[in-house]
Amino acid sequence: MSSSSPRPLSPLCVYCGASSGARPEYAAAARALGSVMASRGIALIYGGGRAGMMGHIADAVLAGGGIVTGVITQYLMDKELGHKGIHDLKVVDTMHERKKLMADTARAFIALPGGVGTLDELFEIIAWAQLGIHDHPIGLLNVNGFYDPLEAMLRRMEQEKFLRVSPDDALVIDSDPARLLDRLSVHPPRAPRSHAGE
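Residues numbered from 1 in each chain as written. Predicted model: local features only at pLDDT ≥ 70, side-chain atom pairs only at ≥ 80, totals over all residues. Heavy atoms only, no water.

A. Local environment of helix H2 (residues 52–63). When the terminal C-alpha atoms of H2 are compared, their 16 Å separation across 12 residues agrees well with the 16 Å that a helix rising 1.5 Å per residue should span. Listing the buried residues of H2 in full gives Gly52, Met53, Met54, Gly55, Ile57, Ala58, Ala60 and Val61. Those residues of H2 hidden inside the fold are in contact with strand S1 (12–15), helix H1 (24–39), strand S2 (44–46), strand S3 (68–73) and helix H4 (95–105). (Helix = DSSP H or I, 4+ residues; strand = E, 2+ residues; numbered from the N terminus. Expected span 1.5 Å × (residues − 1). Buried < 20%, exposed > 50% of the residue type's maximum accessible area, 1.4 Å probe, protein only. Contact = heavy atoms within 4.5 Å.)

B. Representation of the sheet that holds strand S5 (residues 108–111). The 7 strands are arranged S4-S3-S2-S1-S5-S6-S7 in an open sheet whose pairing can be described as parallel. Lying at the two open borders of the sheet, with one neighbouring strand each, are strand S4 (88–92) and strand S7 (172–174). Averaged over all pairs of adjacent strands, the angle between strand axes in this sheet comes to 20°, irrespective of strand direction. Relative to the sheet, helix H5 (residues 116–130) contacts S1, S5 and strand S6 (138–141), its axis offset from that of S6 by approximately 150°. (Pairing = 2+ DSSP bridges. Axes fitted to C-alpha atoms, helices over the stretch in contact; angles between N-to-C directions.)

C. Expanded view of the side chain of Ser166. For Ser166, the position within the fold is in the loop between helix H6 (148–159) and helix H7 (167–170). Engagement of the side chain of Ser166 in a polar contact is seen with the backbone nitrogen of Asp168, the distance being 3.1 Å. (Polar contact = N/O pair within 3.5 Å; in protein donor to acceptor, adjacent residues only side chain to side chain.)

D. Molecular detail of the pattern of salt bridges. Applying the stated rule across the entire model yields 11 salt bridges. With its nearest N and O atoms 2.8 Å apart, the salt bridge here joins Lys90 to Asp88. Exposure remark for Lys90: the relative accessible area of 32% places this residue in the partly exposed category. For Arg156, the salt bridge is made with Glu160, and the minimal N-O distance between the two is 3.2 Å. Overall, the relative accessible area of 47% leaves Arg156 in the partly exposed class. The exposure class of Glu160 is partly exposed, given its relative accessible area of 42%. Each of Lys99, Asp120 and Glu124 takes part in one network of salt bridges that share partners. (Salt bridge = Lys/Arg side-chain N within 4 Å of Asp/Glu carboxyl O.)

E. The pairing of S6, seen in detail. Residues Ile138 and Leu140 line one face of S6 and the alternating positions Gly139 and Leu141 line the opposite face, and both faces are buried. Where S5 lies against S6, 3 bridges are found, and the strand directions are parallel. Residue pairing in the sheet places Ala111 in a bridge with Leu140 of S6. As for the winding sense of the linkage, the β-α-β connection from S5 through H5 to S6 is right-handed. (Right-handed = clockwise from strand over helix to strand, strands pointing away.)

F. Structural context of the pairing of S5. Going residue by residue along S5, you find Ala108 and Ile110 tucked away on one face and Phe109 and Ala111 tucked away on the opposite face as well. Pairing between S1 and S5: 4 bridges, direction parallel. Residue pairing across strands places Cys13 opposite Phe109, the latter belonging to S5.

G. Quick look at unusual backbone geometry. Cis geometry marks the peptide bond from Ser10 to Pro11, where omega comes out at 0°. Position of Pro11 relative to the elements: it lies in the segment before S1. Even without a glycine there, the phi angle at Glu80 is positive, about 60°. By secondary structure assignment, the location of Glu80 is in the loop between helix H3 (74–78) and S4. The exposure class assigned to Glu80 is exposed, which follows from its relative accessible area of 57%. In the Ramachandran plot, Asn144 falls in the positive-phi region, its phi being about 55° despite a non-glycine side chain. Within the secondary structure, Asn144 is located in the loop between S6 and H6.

Laid out in structure tokens, this is it:
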């Protein structure tokens, strides 16, 4: 893909959790990403929650006049965790349906700092990329070096021949929200690699 025809990023799926984390920089980064997305007309699709990192990014997109779609399970809605101020809150039965609907809708993905749920979503979408199920760009917003250990682990996996796609091809990692979006928009589609003997 040439630099003159950037990849569409909207709607952008953002993986994040219901906790704001231990540092204020995490929430600030989520709000900054949401503000930049809204200013660029990039719609958000996310897990539909109102708390933590999910709430921060959804509220920032809304505040900037952007469009927000949430996907949440009935179980979490019953716990009153859904964000009722967004444009479209889709309620599904299972977490599998939730993740599939977000993945099927999105044109790009970003993971914010988060916990095991965020990593679950991130690794599933990386695995799908490795299998050739999609070729949408995937980004990590690496706030305060949060994802440095994960990047190191992925490079170890590559060295040990457990990855068919290079971390450099699979992921765009940046600490600045605007720059991350810029880089995702020009990130070339990836091609899975095969390893001898597999």
